[in-house]
Amino acid sequence: MDKLAIIGGRPLYGTLPISGAKNSALKVMAAALLSDEPLTLHNVPRLADVDMLLRLLEQHGASANFDGSTLTLHAKTIASTEAPYDLVRKMRASFNVLGPLLAREGKAKVSLPGGCAIGARPVDLHLKALTAMGAVIDLDEGYVLAEAPEGLHGAHVTFPFVSVGATEHTMLAAVLAKGETVIENAAREPEIVDLADCLNAMGAKVSGAGTSKVTVEGVDRLHAAEHSVLPDRIETGAYVMAVAATGGELTLTGARADLLGAAWASLEEAGVELEEIETGIRVRRNGARCKAVDIITQPFPGFPTDLQAQFMALMTTADGVSTIKETIFENRFMHAPELGRMGAKISVDGQTATVRGVERLKGAPVMATDLRASMSLVIAGLAAEGQTMVNRVYHLDRGFERLEEKLQACGALIERVKE
Ligand SMILES: CC(=O)N[C@H]1[C@@H](OP(=O)(O)OP(=O)(O)OC[C@H]2O[C@@H](n3ccc(=O)[nH]c3=O)[C@H](O)[C@@H]2O)O[C@H](CO)[C@@H](O)[C@@H]1O
Ligand SMILES: C=C(OP(=O)(O)O)C(=O)O
């Protein structure tokens, strides 16, 4: 298993390109199964999760061609409606092939998904929505067996709480359903808007994406289209926090300020200088300790749970005491004890972590436990005194494209150690 060796204490300077968003790319890739014509996607990040989903789509019968960051998918026919455990277990997004397969072929057998072990993460809302649309669903030996012999029909779906995945899944199934589907209490994440844009480019009729009520008017078929994946707001936030922790100045090209939601204000409150510029976002910090800031994770536009771990890393050396409340996932503080190995003072009580800022962290061997937790350890390592060895880098490879290369180009001493 590869490791990352980081010598900390160097500020970051230069230009760092932001990749396309993993969590959007994966959903628009699944949309390719909805049409027998090609879907060309630009700005697709080359990540382990993308490669894994490609393998899944290929076994469903899609052809795939990557040219730089442009991916063309063509599911002329569906070769198999079964998504096997081995291709679904490693990430959450692969489960979203269920809706498109069901919509196009009237049946599907999809393994229950995996993904970061940050909570129980059931799929009941996905299944309830599909059931409301006429699917008959059974669970057997870890698989969801779904059939819609009469085809899917529109439905009025009201989610009891916000779910990004269930909102996307319902949209993916509804575009080819007969009649109108209304999703109430829909997630408002930018990735929902991106998916709607892609589906509409394919000929779907989705409106209201980005608000809590999404309406989908079903159409008979979708056609060839091109779509550019929006920039990764979590990668953006992570590199902003890296500069905040180490000091320096970075231009994050391709980044979009509006995608950061409440994180922008929290970072400014901490003393980070952020500026929206024509090519992206400029971030600056003078190397002094940041101010301690309290955050609560919330669905968009609230502070994103996917940036909570990285923000905690920043707060470990802030001046003062910061309270971090995680409201989305019940087990998303696994980075706290690892940061503790580096000298961080964090106490966790249920869903709240209290971080008492220390002057400086000290490098240590640490273990990445999930994707964003891994990035928090990288940020801590970049700011710490001495060497940090981050074990289990495969988590990072799921979600951060060319991580070492991008950071090295900005002056970081970070290297992958192959084992
Ligand atoms: C691949 C992808 O895009 N992953 C993102 C997606 O995950 P994902 O789509 O899994 O997250 P959801 O928004 O669905 O989850 C929110 C909460 O709802 C719960 N829940 C969800 C569905 C369901 O059927 N039943 C249920 O109880 C989950 O356990 C969680 O506690 O949104 C999360 C919240 O922004 C992000 O952290 C993930 O990075
Ligand atoms: C939690 C994440 O991914 P997944 O939903 O695939 O586990 C993530 O992207 O931070």
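Keep in mind that this is a model prediction, so the values were computed, not measured.

A. Broad picture of the site of ligand 1. Taken together, 20 residues are adjacent to ligand 1, and Asn-23, Leu-125, Ser-163, Val-164 and Gly-165 come closest. Counting residues per element, the ones that place at least two in the shell around ligand 1 are α1 (22–31), α5 (124–132) and α6 (164–174). Along the lines of polarity and charge, the residues of the shell around ligand 1 split into ten nonpolar, six polar and four charged. For the shell around ligand 1, the domains that each give at least three residues are domain 1 (3–19 + 231–417) and domain 2 (22–228).

B. Highlighting the UniProt feature "binding site: UDP-N-acetyl-alpha-D-glucosamine" (unreviewed entry) in the protein. The residues that UniProt annotates with the feature "binding site: UDP-N-acetyl-alpha-D-glucosamine" (unreviewed entry) are Arg-92, Arg-121, Pro-122, Val-123, Asp-124, Leu-125, Asp-306 and Ile-328. Among the secondary structure elements, Arg-121 is positioned in the loop between β7 (107–111) and α5. On the basis of neighbour counts, which here come to 17 C-beta atoms within 10 Å, the residue Arg-121 falls in the partly exposed class. Looking at the element boundaries, Pro-122 is found in the loop between β7 and α5.

C. Region of the structure containing the domain arrangement of the protein. Annotation of the protein at the domain level lists domain 1 (3–19 + 231–417) and domain 2 (22–228). For domain 1 and domain 2, the distance between their C-alpha centroids amounts to 30 Å. Facing the 17 residues of domain 1 at the interface are 17 residues of domain 2. If you tally residues by element for the side of domain 1 that touches domain 2, the top one is helix α13 (residues 394–399), at four residues. For the side of domain 1 that touches domain 2, the residue count by class is six nonpolar, three polar and eight charged.

D. Expanded view of the site of ligand 2. Lining the immediate environment of ligand 2, one finds Asn-23, Met-91, Arg-92, Ala-93, Gly-115, Cys-116, Asp-306, Leu-371, Arg-372 and Gly-399. Of the residues in the shell around ligand 2, the class split is four nonpolar, three polar and three charged. Shared between two domains, the shell around ligand 2 holds at least three residues of each, these being domain 1 (3–19 + 231–417) and domain 2 (22–228).

E. Structural detail: the UniProt feature "modified residue: 2-(S-cysteinyl)pyruvic acid O-phosphothioketal" (unreviewed entry) in the protein. Under the feature "modified residue: 2-(S-cysteinyl)pyruvic acid O-phosphothioketal" (unreviewed entry), the UniProt entry names Cys-116. Inspection of the secondary structure assignment puts Cys-116 in the loop between β7 and α5. Residue classification places Cys-116 among the buried positions, given that 23 C-beta atoms sit within 10 Å. With residues up to four places along the chain from it excluded, the contact list for Cys-116 reads Asp-370 and Leu-371.

F. Summary view of the pairing of strand β16 (residues 273–277). Of the pairings in the sheet, the one linking β16 to strand β17 (residues 280–285) comprises five bridges and is antiparallel in character. When the bridges of β17 are listed, Glu-275 appears paired with Arg-282. Two successive antiparallel strands, β16 and β17, enclose a turn made up of two residues.

So, how was this worked out
- Residues numbered from 1 in each chain as written.
- Chains lettered and ligands numbered in written order.
- Predicted model: local features only at pLDDT ≥ 70, side-chain atom pairs only at ≥ 80, totals over all residues.
- Near = placed C-beta within 6 Å.
- Helix = DSSP H or I, 4+ residues; strand = E, 2+ residues; numbered from the N terminus.
- Nonpolar A, V, L, I, M, F, W, Y, C, P; charged D, E, K, R; others polar.
- Domains from an automatic or database assignment.
- UniProt positions renumbered as here; feature names shortened; annotations may be inferred.
- Buried ≥ 20, exposed ≤ 12 C-beta atoms within 10 Å, placed from the backbone.
- Contact = placed C-beta atoms within 7 Å.
- Pairing = 2+ DSSP bridges.

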